[in-house]
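The residues making up each chain are set out below.
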Amino acid sequence: MTDSLKNFPDQRGHFGTFGGMFVADTLVNALHQLQQAFEHYWADDTFRQLFYTDLRDYVGRPTPLYHAQRWSDALQGAQIYLKREDLNHTGAHKINNTIGQALLAKQMGKTRIIAETGAGQHGVATATVAARLGLECVVYMGALDVKRQASNVHRMKLLGATVVPVTAGSQTLKDALNEAMRDWVAHVDQTFYIIGTVAGPHPYPKMVREFQAIIGQEAREQILQRTQQLPAALVACVGGGSNAIGLFHAFLDDKDVALYGVEAAGHGLQTGEHAASLTAGRPGVLHGNRTYLLADEAGQILPTHSISAGLDYPGVGPEHAWLKELHRAQYVAVDDQQALAACYQLTRSEGILPALETSHALAYVEQLAPTLSPQQSIIVNLSGRGDKDMNTILAQGDDV
Ligand SMILES: *Cc1c(COP(=O)(O)O)cnc(C)c1O
């Protein structure tokens, strides 16, 4: 039991030398309160009942585990199974987490929700649960992203949220996160900050993981029922790392199951225009925790690039940094063009249009599957659907 990797982080949020709580004094109290509330309610059957009932009736869980037969046959290797998080309400895994945090906010008596968003997916998932629970909602979004992701901005407004464009820095996700933190410090009494991935200061990386772990719990049961054995490998894309940890967590102690996290190599690792913090970055402190990140010699955070806005983040959740150092998981990177090609491939062979984030995981599966036998299986997390990416896909001008 104590040997289990599932028991981490420790009480102070440490995964080995990663994680922790590196924040201004003004936030320490709020984070301790949050940690206490989370631990109290997460151990409470009534709260869990609320959470799992919402996942069933509002989100649509359990999501299917789908055998991609034609795609598997084409790759001539392992049997590939897709965990269909794209079928969740709002089209991705993010809602699992926003439901959990919004229910917690309600229990804590908070009346106001804030969130950061990059592409707008987490903003939409947050605005959705805020509408449902009747909570005020403010979403911080880089001014550049507000322009790039106009339809998600409209969706959030339609849901009753206020969208605040952030004009600081590179006007993207990391700046939105800084601004949301600032808001939280100023309005901590009535406000709950819903972070969208397994990053940020303790207890966020643990809390978000616990809410997303349902993905792997279902998948483990489903694959055992279907094939009577564990899969040879799990594959998921990694932005902040929440869909990957969500899939991995239930399998962490199954040493024979290989874990692969796939980062965005953007225009190519050698160009410096990418978002591969684990593959090409180094340890440092960002957004309240110690993790791998992309920074220059002076510690200045570097600009990132990926065709998929959801992977375009210069850091990564601390649990992934730890799993990398333990060699429990392997992290690889796939570039924009490889991801696009895999997006077309899955759409044509299975009739499923995946998100461009997800397509990074699919591109790696195309490399991995042929190295395994048809008696083995791979589960890939189909983290979201690609409808939101139609403009990006069409802008490539490919003859599709
Ligand atoms: C946001 C997003 C991601 C990246 O976030 P993680 O926290 O790394 O999971 C991946 N896929 C989709 C569809 C997303 O919307």
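For the structure itself, look to the data block above.
Residues numbered from 1 in each chain as written. Predicted model: local features only at pLDDT ≥ 70, side-chain atom pairs only at ≥ 80, totals over all residues. Heavy atoms only, no water.

A. Broad picture of the side chain of H202. Here H202 shows up in the loop between β8 (191-193) and α9 (204-212). Within the local environment of H202, its side chain forms a polar contact with the side chain of Q35, the two groups lying 3.2 Å apart. (Helix = DSSP H or I, 4+ residues; strand = E, 2+ residues; numbered from the N terminus. Polar contact = N/O pair within 3.5 Å; in protein donor to acceptor, adjacent residues only side chain to side chain.)

B. Region of the structure containing the sheet that holds strand β4 (residues 79-83). The strand order β3-β4-β14-β9-β10-β13 describes an open sheet built from six strands, whose pairing is mixed. The sheet terminates laterally at β3 (65-67) and β13 (329-335), the two strands that pair on one side only. Pairwise comparison of adjacent strand axes, ignoring direction, gives a mean angle of 25° for this sheet. Here β4 pairs with strand β14 (residues 377-381) via five bridges, running parallel. Paired with L82 across the bridge in β14 is V380. (Pairing = 2+ DSSP bridges. Axes fitted to C-alpha atoms, helices over the stretch in contact; angles between N-to-C directions.)

C. Region of the structure containing the packing of aromatic side chains. Going through the model one piece at a time under the given rule, you end up with 14 aromatic pairs. Geometrically, the ring pair formed by F51 and F211 is tilted, given 5.2 Å between the ring centres and 45° between the ring planes. With F51 in helix α2 (residues 45-59) and F211 in helix α9, the pair connects residues that are 160 residues apart, well separated along the chain. Judged on exposure class, the residue F51 and its partner F211 are both buried. Between Y193 and Y204, the ring centres sit 6.1 Å apart and the planes meet at 55°, which makes this aromatic pair tilted. In this pair, Y193 is assigned in strand β8 and Y204 in helix α9, connecting sequence segments eleven residues apart. Just as Y193 is buried, Y204 falls in that class too. Counting every residue linked through ring pairs, the aromatic cluster contains F38, W42, F51, Y52 and F211. When the ring centre of W42 is taken as origin, the NZ or CZ atom of R48, which lies over that ring, is 4.0 Å away. When the ring centre of Y58 is taken as origin, the NZ or CZ atom of R132, which lies over that ring, is 4.7 Å away. (Phe/Tyr/Trp six-rings, centres within 6.5 Å; stacked < 30°, edge-to-face > 60°. Buried < 20%, exposed > 50% of the residue type's maximum accessible area, 1.4 Å probe, protein only. Lys NZ or Arg CZ within 6 Å of the ring centre and 35° of its normal.)

Honestly, that's just the spatial picture; any functional story needs more than this.
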